[in-house]
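Summary of the model geometry
The residues making up each chain are set out below.
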Amino acid sequence: MRIIISDFMSLDGVVQAPGGRDEDTDGGFEHGGWSMQFFDPEAMGPVLGEVMEGTEALLFGRRTWQVMAGAWPGRAGDPFADRMNEIPKYVASRTLTQADLDWSNSTLLPAGDAIGAVRELRGRDGAGIQVMGSASLASQLIANDLVDEYRLMIEPILLGGGKRLFPDDGLARALELVSTSTAKTGVLICNFRPVPR
C-alpha cells in the first residue's frame, strides 16, 4: 500500500488548523480556519475526489481523528461523506482506547509502536492509505521514510508560526514534482513523490 499525505499548507509551511477556528489552538495558534478563504471547489474538489478514489484506508493522529469524527457522521447522504464514513480508519494515539473510537470502521494502532503498525500496513497489498492533517504523525512518517506521495495545496498566506509538516532533523529529502496546477484563488495544487536515496 502507498502512504499519501494530503494537506492544506501555508506558504511558510504551516498545516495547523486549516479547517476551523477552534480546531487546534496548541501553542496559542490563533488562525484556525485560515484555509477556507482559499478553497476553490472547481480546482480543488476534483483533486480531493481523485485522491479519495485511490484511497483504501485513512490514517489519523488523535486530534485530527476527533475533529473528523465530530464532523463526517452527521453529513451522511453526500457521496464524499458516505465514503469518509465507510472507509477503514486507523488512529495513532497514546490516550484514546478502542472503546473511544465511535466513528464507524475506526481501529486504534498499538500505542507503543504506531510506526511499526503503519510500516506493517504499508507492506500489505492494496491501494493508498491517506493521511489527512495529523501534522505530528505525518512528520514521524516522513522521518521514518514511510511516505510515498505528497498531495499539497500550498496556499497564498504566511501564518508566521504553527505546526509544520516536515521534520526539522537536518536531513535532505529530494522530491520529484509529478504534477502541479493553480486554483483561481492562487493555491498551488502539487503532487510530489520522494526520489529514492
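To be clear, the structure that these remarks concern was listed above.
Calculation notes
Residues numbered from 1 in each chain as written. Predicted model: local features only at pLDDT ≥ 70, side-chain atom pairs only at ≥ 80, totals over all residues. Heavy atoms only, no water. Helix = DSSP H or I, 4+ residues; strand = E, 2+ residues; numbered from the N terminus. Rg over C-alpha atoms; globule rule 2.2 N^0.38 Å. Buried < 20%, exposed > 50% of the residue type's maximum accessible area, 1.4 Å probe, protein only. Contact = heavy atoms within 4.5 Å. Lys, Arg positive; Asp, Glu negative; His and termini not counted. Charge placed at Lys NZ, Arg CZ, Asp CG, Glu CD. Pairing = 2+ DSSP bridges. Axes fitted to C-alpha atoms, helices over the stretch in contact; angles between N-to-C directions. Polar contact = N/O pair within 3.5 Å; in protein donor to acceptor, adjacent residues only side chain to side chain. Salt bridge = Lys/Arg side-chain N within 4 Å of Asp/Glu carboxyl O.

**Observations concerning the overall build of the protein**
- What the protein contains, in helices and strands, is 5 helices and 8 strands.
- When the helices and strands of the protein are placed in sequence order, the string is β-α-β-α-α-β-β-α-β-α-β-β-β.
- Taken over the C-alpha trace, the protein has a radius of gyration of 16 Å; the compact-globule value for 197 residues is 16 Å, and the two agree within 12%.
- Across its three principal axes, the protein shows a C-alpha extent of roughly 45 × 40 × 35 Å.
- The 197 residues of the protein split such that 44% are buried.
- A separation of at least 24 residues holds for 69% of the contacts in the protein among residues at least 6 apart in sequence.
- Once the 18 positive and 27 negative side-chain charges of the protein are each reduced to a mean point, those two points are 3 Å apart.

**Description of the sheet that holds strand β6 (residues 149–155)**
- Spatial strand order, β4-β3-β2-β5-β1-β6-β8-β7: 8 strands in an open sheet with mixed pairing. Unpaired on one side and paired on the other, β4 (106–108) and β7 (175–182) mark the two borders of the sheet. Neighbour-to-neighbour, the strand axes of this sheet turn through a mean angle of 25°, independent of strand direction.
- Summarising the sheet, strand β1 (residues 2–10) and strand β5 (residues 128–132) pair through 5 bridges and their orientation is parallel. The residue bridging Ser6 from the neighbouring strand is Met132, located in β5.
- Of the strands in this sheet, β1, β2 (55–61), β5, β6 and β8 (188–194) touch helix α1 (residues 41–53), which is tilted by about 165° from β6.
- Against the sheet, helix α2 (residues 62–71) contacts β2, β3 (89–92), β4 and β5, and its axis sits at roughly 115° relative to β2.

**Quick look at the side chain of Gln16**
- Within the secondary structure, Gln16 sits in the loop between β1 and α1.
- Polar side-chain contacts of Gln16 include one of 2.8 Å to the backbone nitrogen of Lys163.
- If we skip the residues at most four places from it in the chain, Gln16 touches Asp24, Thr25, Asp26, Phe29, Trp34, Gly162 and Lys163.

**What about the pairing of β8?**
- Note: β6 against β8, 5 bridges, orientation antiparallel. Counterpart to Met153 in the pairing with β8 is Ile189.
- Linking β7 back to β8 in an antiparallel pair, the connection comprises 5 residues, with Gly186 at a positive phi of about 90°.

**What to know about the side chain of Ser134**
- In this structure, Ser134 sits in the loop between β5 and α5 (135–143).
- Looking at Ser134, its side chain comes within polar contact range of the main-chain oxygen of Met132, at 3.0 Å.
- Discounting chain neighbours no more than four positions away, the residues touching Ser134 are Leu59, Phe60, Gly61 and Thr64.

**Considering the pattern of salt bridges**
- Following the criterion strictly, the structure yields 14 salt bridges and no others.
- Between Asp24 and Arg63 there is a salt bridge, with its nearest N and O atoms 3.5 Å apart. Within this pair, whereas Asp24 is found in the loop between β1 and α1, its partner Arg63 is found in helix α2, the two being separated by 39 residues in sequence.
- The exposure class assigned to Asp24 is buried, which follows from its relative accessible area of 6%.
- On the basis of relative accessibility, which here comes to 26%, the residue Arg63 falls in the partly exposed class.
- A salt bridge links Arg63 to Asp26, with the nearest nitrogen and oxygen atoms 2.6 Å apart. Within this pair, whereas Arg63 is found in helix α2, its partner Asp26 is found in the loop between β1 and α1, the two being separated by 37 residues in sequence.
- A relative accessible area of 36% places Asp26 in the partly exposed class.
- One continuous salt-bridge network, built from bridges that share partners, spans Arg2, Glu50, Glu149, Arg151 and Arg193.

**Some details on unusual backbone geometry**
- We note that Ala17 has phi near 50°; this positive angle belongs to a residue other than glycine.
- A relative accessible area of 3% places Ala17 in the buried class.
- Of note, the phi angle at Ser134 is positive, near 55°, even though the residue is not glycine.

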